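Breakdown of the fold
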Amino acid sequence: MKCGTSALFHYLNGTVPRSPKAAKEPGASWTPPKFSNDQQFLNGTPASIEYCNRFFSLPDEQRRFHPGIIGSIVTKEVHFFDQEPQQVHSKLPQYFAKFAGVNMSADDPAAGQCSYPRQLGLSSSSAPAMVRMEATVMYMPSRTAAGLVKEILPNTRLVALLREPATRALSSINMVIQRGDFAELKTLNRSSPEYSKVWQWVVVRELRQEMAAVNACLARVDSAAPVRRQVDQMDECMLAGQPKLSERVLDIHLGLYALHLERWLSYFAPEQLLIWSTKAFKEAPWHHMQQLAEWLGLDPSKSKRRGDFLKMHKRSYPDASLPQGFVQELAEFYAPHNERLFVLLEQRGYAAVAAQLRAAWPQELAATIEKLEQQQPQQQEQMQPQQQQQQETY
Ligand SMILES: Nc1ncnc2c1ncn2[C@@H]1O[C@H](COP(=O)(O)OS(=O)(=O)O)[C@@H](OP(=O)(O)O)[C@H]1O
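Residues numbered from 1 in each chain as written. Predicted model: local features only at pLDDT ≥ 70, side-chain atom pairs only at ≥ 80, totals over all residues. Heavy atoms only, no water.

**Observations regarding the site of the ligand**
The environment of the ligand is made up of 19 residues, and the closest members are Lys2, Thr5, Ser6, Ser171 and Tyr317. Within the backbone of Gly4, a nitrogen or oxygen atom sits 3.0 Å from an oxygen atom of the ligand. In the environment of the ligand, an oxygen atom lies 2.5 Å from a nitrogen or oxygen atom belonging to the side chain of Ser6. Computed on the free molecule, the ligand has an accessible area of 640 Å², of which 95% lies beneath the protein chains in the complex. Secondary structure elements with two or more residues in the shell around the ligand: α1 (5–13) and α14 (278–283). With 3 residues, α1 is the largest single contributor of residues to the shell around the ligand. (Near = heavy atom within 4 Å. Polar contact = N/O pair within 3.5 Å; in protein donor to acceptor, adjacent residues only side chain to side chain. Areas by Shrake-Rupley, 256 points an atom, 1.4 Å probe, with all protein chains shown as cover. Helix = DSSP H or I, 4+ residues; strand = E, 2+ residues; numbered from the N terminus.)

So this is what it looks like as structure tokens:
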């Protein structure tokens, strides 16, 4: 969720992202990529490119971080528990079939009967024999996913990677812009000054609108109600009668981590939910990966340290393009929700993570301000809310 989840998934799985289109093609299968210098997500030095080329010539089980962990063979984001909740029970066999080594005519994965350890050449006596994984970001804010996962896979293990939410929101809207969702930017050259200016207008306009929508719903939540009820009330308001949350609130809404985790923690014990700070993970990936193997009950000595943990989906931003004070405006919006998150984590046995986040997020925020905000006030470029409204028709 713009927190490095792709990098984590693909590091564990020994794969690289495929486009959703490629994944849907009949008979699609993963082929080892050949890396070159323009492979942007590798952030690549010649050494890392050479390393990747050698790494991807290894057999599959040697590429994965641990022989006991394997990802969905279709894509990292399966979207099974969030999109059509009413069909989850009837489509369960199709879901399980998205994981390597599951033979749906012989296996009953939900009941723990699986032939895949044998199929994959693993000992079925190692416990657990195989951890299957997927990383669908939208499960986190989904109204239905937590309850359905609890019902169908009660022993599941969950990992949440949390990035400073204002920085995450900017990463999210930047991705949407680069995807081509905003007509006003489509025809502009990304390196032109005009692009930076319009990028700024779009980002400020969209995120302010989203903050207003979220605030309007938060104001309707009964703060005296039990937590699960509050979360449901917030959802009802955000969904506004639609089956899915509008993409145009998600940049902001996803960063309300307390709200989302309150729901997940109302279904799952903290022992089933591992929470990491993106920054801490980035600084000590190997330590985190070993923690993950142990937490999953896997033999950590079988995990492979394979050089640097590479960033994926790193996106460019126009330099110094946000008006002064805008990142702070986002940070102020998130401040009470962050505080609610820290208290929740402290109460539910995650005090060390809460302390890590309290220390890391101001640093992440400062780095974002330094990277994205204009350092000198430029009166004519800065948008006041009134000017912004005029720009809505841009
Ligand atoms: N290892 C690691 N550590 C810290 N940060 C990382 C890491 N890998 C990726 N990134 C940054 O995360 C952003 C992409 O997140 P995701 O991969 O979760 O999202 S997505 O798959 O692109 O939707 C994207 O952020 P932005 O560049 O700010 O957009 C990546 O640069």
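**A few points about the packing of helix α8 (residues 165–179) against helix α10 (residues 193–218)**
Contact geometry of α8 with α10 gives a least axis separation of 11 Å together with a crossing angle of 120°. In this view, α8 runs oblique relative to α10, as classed from their interaxial angle. As α8 runs across α10, the sense of the crossing is right-handed. Of the residues in α10, those in contact with Ala169, Leu170, Ile173, Asn174 and Ile177 of α8 are Tyr195, Trp199, Val202, Val203, Glu206 and Leu207. Grouping the amino acids of the contact of α8 with α10 by side-chain chemistry returns 9 nonpolar, 1 polar and 1 charged. (Axes fitted to C-alpha atoms, helices over the stretch in contact; angles between N-to-C directions. Parallel < 35°, antiparallel > 145°, perpendicular 65-115°, else oblique. Left-handed = near helix turned anticlockwise from the far one by under 90°. Contact = heavy atoms within 4.5 Å. Nonpolar A, V, L, I, M, F, W, Y, C, P; charged D, E, K, R; others polar.)

**Some points on the packing of aromatic side chains**
Applying the stated criterion across every chain, the model contains 13 aromatic pairs. Where Tyr95 meets Phe96, the ring centres are 5.7 Å apart and the plane angle is 50°; that geometry is what we call tilted. Judged by its relative accessible area of 4%, Phe96 falls in the buried class. Centre to centre, the rings of Phe342 and Trp361 are 5.6 Å apart; their planes meet at 50°, and the pair counts as tilted. In this pair, Phe342 is assigned in helix α16 (residues 326–347) and Trp361 in helix α17 (residues 351–372), connecting sequence segments 19 residues apart. For the residue pair Phe342 and Trp361, the accessibility class agrees, reading buried in each case. The ring of Phe268 carries the charged tip of Lys150 above its face, separated from the ring centre by 5.4 Å. In this structure, Arg157 packs its charged tip against the face of Trp295, placed 4.7 Å from the ring centre. (Phe/Tyr/Trp six-rings, centres within 6.5 Å; stacked < 30°, edge-to-face > 60°. Buried < 20%, exposed > 50% of the residue type's maximum accessible area, 1.4 Å probe, protein only. Lys NZ or Arg CZ within 6 Å of the ring centre and 35° of its normal.)

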